[in-house]
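A look at the structure
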Amino acid sequence: FVASGCFFWGTGKMALVLALSAALSTALSMIYFFFSGRLTGAKLAALSYEGILATAPSVMVLILIWTMSSFLRYDLKTGNYLASLLIGKMSIEFLPPLFFIVGAVISTLMGSAWGAIGILVSIALPMFASYYQHLLPLTIEQAPLVIPLIGAVISGSLVANHCSPLADILLMSATSSGSYH
C-alpha cells in the first residue's frame with residue numbers, strides 16, 4: 001500500500017500515504033481473521049488497545065522528527081546558514097563524508113536512525129542547494145553529488161543505529177523476543 005500510495009500521490013504527501021496504508025492493512029487483516037474464525041469482537045478491542053499502546057512511542061517520535069525537521073528547514077534555515085559559513089572554506093566534495101560522520105554521531109547518541117535522517121536531510125539538502133546556488137528540488141544535472149549526499153546521510157545514520165546501545169531496533173527486538181536488552 002505504501003508503494004502504491006507513493007506512486008499515486010508522490011512522496012510529498014507521505015503522512016497521508018502512511019495513514020491510508022496503515023488503515024487499509026489493518027482493515028484487510030481484520031477481514032481475513034474474522035472470516036477465518038480467529039478473531040472475535042472482544043479480542044479485536046483488546047488487540048487494538050494493545051497495538052495503539054505499543055506503537056504510540058514510535059508515532060510520537062515520528063511526529064516530533066517531522067516537526068523538528070520542518071522547523072530546521074523552513075524557520076531556522078539551518079542548511080542555508082551552514083552553507084554560508086562553509087562556502088569558500090570547504091569543498092563540496094567533503095560534504096558527503098562529513099554528513100556520514102555527523103549522521104553516525106547523531107544516530108548513536110539519539111538511538112534513532114529515522115531521527116537522524118529526518119534532522120540531517122532537512123539540513124543537508126538546503127545546504128547542498130546553497131553550495132550549487134540552486135533552489136530545491138535539485139536534479140542530478142544541477143547537483144551531481146546529491147545522490148552520494150543522501151546515501152551518506154542514510155548509511156551513516158543506519159550504521160550507527162545498529163551499533164548504538166540506545167537504538168530503537170535493539171530495544172524493539174529485545175522487547176518482542178522477551179529478553180533484556
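In what follows, the structure referred to is the one given above.
Here the structure is a predicted model, which is why all the values come from computation and not from measurement.

Rules used throughout
Residues numbered from 1 in each chain as written. Predicted model: local features only at pLDDT ≥ 70, side-chain atom pairs only at ≥ 80, totals over all residues. Heavy atoms only, no water. Helix = DSSP H or I, 4+ residues; strand = E, 2+ residues; numbered from the N terminus. Buried < 20%, exposed > 50% of the residue type's maximum accessible area, 1.4 Å probe, protein only. Contact = heavy atoms within 4.5 Å. Areas by Shrake-Rupley, 256 points an atom, 1.4 Å probe, with all protein chains shown as cover. Lys, Arg positive; Asp, Glu negative; His and termini not counted. Charge placed at Lys NZ, Arg CZ, Asp CG, Glu CD. Core = buried A, V, L, I, M, F, W, Y, C linked by side-chain atoms within 4.5 Å. Polar contact = N/O pair within 3.5 Å; in protein donor to acceptor, adjacent residues only side chain to side chain. Axes fitted to C-alpha atoms, helices over the stretch in contact; angles between N-to-C directions. Parallel < 35°, antiparallel > 145°, perpendicular 65-115°, else oblique. Left-handed = near helix turned anticlockwise from the far one by under 90°. Nonpolar A, V, L, I, M, F, W, Y, C, P; charged D, E, K, R; others polar. Bend = angle between axes of the 7 residues up to and from the residue.

To continue, consider the overall build of the protein chain. Helix and strand counts for the protein chain stand at 8 helices and 0 strands. Each helix and strand of the protein chain, placed in order from N terminus to C terminus, yields the pattern α-α-α-α-α-α-α-α. Seen along its three principal axes, the alpha-carbon backbone of the protein chain occupies a region of about 65 × 40 × 25 Å. Relative to its 181 residues, the protein chain shows a buried fraction of 27%. Contacts in the protein chain between residues far apart in sequence, at least 24 positions, make up 59% of those at least 6 positions apart. Accessible surface for the protein chain amounts to roughly 11,700 Å². Of this, 74% is attributable to carbon and sulfur atoms. Averaging the coordinates of the 6 positive side-chain charges in the protein chain and doing the same for the 5 negative ones gives two points 8 Å apart.

With that out of the way, let us pick up the nonpolar core. If you look at the biggest cluster of nonpolar residues, it comprises 18 residues, and the most contacted ones within it are L95, F99, M127, F128, Y131, L138 and L149. Residues in contact with L149, not counting those within four places in the same chain, are L95, P96, F99, A124, L125 and F128.

Our next topic: the side chain of S112. Relative to the helices and strands, S112 is located in the loop between helix 5 (95–110) and helix 6 (113–132). Since its relative accessible area comes to 8%, S112 is described here as buried. Among the polar contacts made by the side chain of S112, one reaches the main-chain amide nitrogen of G115 at a distance of 3.0 Å.

Looking at the secondary structure, you find S69 in helix 3 (residues 41–75). A polar contact is formed between the side chain of S69 and the backbone oxygen of W66, at a distance of 3.1 Å. Once residues lying within four places of it in the same chain are set aside, the contact partners of S69 are G118 and S122.

This part takes up the packing of helix 6 against helix 7 (residues 146–163). At their nearest, the axes of helix 6 and helix 7 sit 9 Å apart, and the two run at 160° to each other. Classed by the angle they form, the pair helix 6 and helix 7 counts as roughly antiparallel. When you trace helix 6 past helix 7, the crossing you get is right-handed. Contacts between helix 6 and helix 7 involve A113, A116, I117, L120, V121, A124, L125 and F128 from the former and V146, L149, I150, V153, I154, S157, L158 and N161 from the latter. The residue inventory of the contact of helix 6 with helix 7, partitioned by class, reads 14 nonpolar, 2 polar and no charged.

Turning to helix 3, a few remarks are in order. At A56, helix 3 shows its largest bend, some 40°, and a proline, P57, comes one to four positions later. Along helix 3, the residues that are buried comprise L44, I65, S69 and L72. K77 occupies a position one or two residues after helix 3 and carries a positive phi of about 55°.

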